[in-house]
Amino acid sequence: MLERLPTRDRLISWGMSVPAACPLCSLANESHDHLFFNCVFSTAVWSHYTGWMFAAASASPAAVLAILDQPHISSCSGAAVILKLLLQVIVYNLWTERNQRIFRQSSSSEAAIISKVDRSIKDRLLSLPPLREGSISFLLLYLTSRSLFPP
Ligand SMILES: [Zn+2]
C-alpha cells in the first residue's frame, strides 16, 4: 500500500540495469499499479473475487481502500476482516509469483495462484475465533459470502 516494494520501475529510477517489462505478462513495464492491479495476470486473480465483495477488479491501492468504505463492507466487520486479509494474500502471492519467475525461472498459472490464495485465506480464517459469541465464524462467512454479497 505504501508502494515501497522494489519493482522494476523503482530499480531503474535508482540507476540499476534491469529489464523494465512485467515478468507476469511482458506486455507493460512493471510498477506497483501495474503488477498488483492492472496486469492481465493480476486482473485474472482479482476477477475470481469480483461480483463477491468487489464490483470490478481494483485498479489502484486507492480503489482498494475505497472498497473498504463501501456500506456493505463497512457495516459488516467480519467482511472487512476478510477483505483486508484477501488484499494482503493476493498481493503477497502476486509478489511471490513475480519473484519465482525472475529468480527461479518457474511460473504458476492464474488458477494455481487463485488456489493458493483460497487455501491461505481458509487456513488463516480457521484460526480466528468468531467476532462475538454465537456469531458465525470467519471461515463460514468467507465460504458463504458469495451469497451474502451478490453482484
Ligand atoms: Zn503485467
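The chain carries the name Reverse transcriptase zinc-binding domain-containing protein in an unreviewed UniProt entry, which gives Brassica rapa subsp. trilocularis as its organism.

Asks: How do you make sense of the coordination of the zinc ion when you look at a structure like this?
Replies: When a metal carries six donors in an octahedron, the ideal angles between them are 90 or 180 degrees, while four donors in a tetrahedron ideally lie at 109.5 degrees. Taken together, the protein ligands of the zinc ion are Cys 22 (SG), Cys 25 (SG), His 34 (NE2) and Cys 39 (SG), with distances of 2.1 to 2.3 Å. Coordination at the zinc ion comes from four donor atoms whose angles at the metal span 101 to 115 degrees, giving a geometry best classed as tetrahedral. When the donor residues of the zinc ion are listed from N- to C-terminus, their spacing reads C-x2-C-x8-H-x4-C. Under the relative-accessibility criterion, Cys 25 is labelled buried at 16%.

Asks: Would you explain the pattern of salt bridges in this entry?
Replies: For the structure shown, the criterion picks out four salt bridges. Between Arg 119 and Asp 123 there is a salt bridge, with its nearest N and O atoms 2.9 Å apart. On the criterion of helical spacing, the pair formed by Arg 119 and Asp 123 is a turn pair, its members being four residues apart in helix H7 (residues 110-126). Exposure remark for Arg 119: the relative accessible area of 46% places this residue in the partly exposed category.

Cut-offs applied
Residues numbered from 1 in each chain as written. Predicted model: local features only at pLDDT ≥ 70, side-chain atom pairs only at ≥ 80, totals over all residues. Heavy atoms only, no water. Donors = N, O, S within 2.8 Å, 3.2 Å for Na, K, Ca; no water. Tetrahedral: all angles 85-135°; square planar, octahedral: opposite > 155°, others 65-115°. Buried < 20%, exposed > 50% of the residue type's maximum accessible area, 1.4 Å probe, protein only. Salt bridge = Lys/Arg side-chain N within 4 Å of Asp/Glu carboxyl O. Helix = DSSP H or I, 4+ residues; strand = E, 2+ residues; numbered from the N terminus.

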